[in-house]
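# A look at the structure
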Amino acid sequence: MRVKLVSPSADLSLPEYCVGQASRTCVYPGIAQCFAIAGWTKGGMLCTHVSPGATSEEMAATFEHLRNLGGDQAQRWYVVGPFTEHFAVTKAQWRSVEAIKKTFKQLKNKNAERWILDVTAERQAFSWGIDIQSTPCDWAPVIYFDYRKWGSKGGWTDLKVHKFVRF
C-alpha cells in the first residue's frame, strides 16, 4: 500500500498518498489531477494529498489516518483540486463531488463544515500542474490556500476564500 503517515511538523510538504499534521503550512506539490485536503483542528491542520490513482483500500487507509489524527473533531474540511482532470480518470474513486461527500462520512464528523474549490482554471494555466499551500488562520477555524506553478520558488497566489462552496 502506498499510503504513508508522516510525522507531525510545523511545515510539511506532502506528495501523493501521504497524510500528516502541520501547525504552520502544508505544501501539496505537483497537483495535476490530485486533490489537496486540509482539516482545521485546534492541534493543527490535518492534511493529505489524494491521487486519482488511489484504490478503495488506499482511500480507506487515508481517511483512517485522518480520523486517527483527530479528524472526527475537525471543525472545517477543505478540498482543493482540478475537478475536470481528476473526475476524468476512469479508475478514480472520486468521479463527482457526491463521491467525495460519501467518503468524508468515514470521518464520523457530522458537525464539521466541508468546503470545496475547483482549481481547474488555475491548474490549466500551467503546462504540467500547480503546487498548493494551506495555512491555518491564527484566530479562527479557517484555512487559507495559495497556489503557484509547480516547482516554482515563492510567487504564491491567493485562492480566494469566497470562491469555496459548501458540500
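Quick note: structure is the one above.
The structure displayed is predicted, hence computed values, not measured ones.

## Overview of helix α3 (residues 97-104)
Those residues of α3 that sit buried are A99, I100, T103 and F104. Along the axis of α3, the buried positions cluster into a sector of 140°, meaning they face one direction only. Residues of α3 that are exposed and angled more than 90 degrees away from the buried face: E98 and K102. The secondary structure elements touched by the buried residues of α3 are β4 (35-41), α1 (56-68), β6 (76-81), α2 (83-87) and β7 (113-118).

## A short note on the nonpolar core
Of all hydrophobic cores here, the largest spans 27 residues; its most connected members are C26, Y28, V80, I132 and F145. Considering every element that reaches this core, the biggest residue donor is strand β3 (residues 18-31), with five residues. Non-local contacts of F145, meaning those with residues more than four positions away in its chain, are made with A38, Y78, V80, I132, Q133, S134, T157, D158, L159 and F164.

## Some points on α1
Over its 13 residues, α1 runs 18 Å from end to end, which matches the ideal 18 Å to within 8%, given 1.5 Å per residue. Where α1 is buried, its residues contact β3, β4, β5 (44-50), β6 and α3.

## Points about empty space enclosed by the protein
Within this structure, the stated rule accounts for one cavity of 30 Å³ or more. A class-by-class count of the residues in the lining of the largest cavity yields five nonpolar, four polar and one charged.

## Overview of the environment of A36
Along the polypeptide, A36 turns up in strand β4. Of the residues examined, A36 reaches a relative accessible area of 0% and is grouped as buried. Distance from A36 to T55, taken between C-alpha atoms, is 17 Å for residues 19 residues apart in sequence. Among residues more than four places away in sequence, those in contact with A36 are Y28, I31, T48, Y78, V79, V80 and I132.

## Considerations on the layout of surface pockets
There is about 150 Å³ of room inside the largest pocket. Every residue lining the largest pocket is listed: S56, M59, Q93, W94, A99, K102, T103 and Q106. At the level of elements, α1 and α3 are the ones that each hand at least two residues to the lining of the largest pocket. Looking at which element gives the most residues to the lining of the largest pocket, the answer is α3, with three residues.

The rules behind each value
- Residues numbered from 1 in each chain as written.
- Predicted model: local features only at pLDDT ≥ 70, side-chain atom pairs only at ≥ 80, totals over all residues.
- Heavy atoms only, no water.
- Buried < 20%, exposed > 50% of the residue type's maximum accessible area, 1.4 Å probe, protein only.
- Helix = DSSP H or I, 4+ residues; strand = E, 2+ residues; numbered from the N terminus.
- Arc of directions from axis to C-beta.
- Contact = heavy atoms within 4.5 Å.
- Core = buried A, V, L, I, M, F, W, Y, C linked by side-chain atoms within 4.5 Å.
- Expected span 1.5 Å × (residues − 1).
- 1 Å grid on protein atoms, 1.4 Å probe; cavity = no way out; pocket = protein on both sides within 12 Å on 5 of 7 lines; lining within 4 Å.
- Points joined across faces, edges and corners; volume = space filled by probe spheres on them.
- Nonpolar A, V, L, I, M, F, W, Y, C, P; charged D, E, K, R; others polar.

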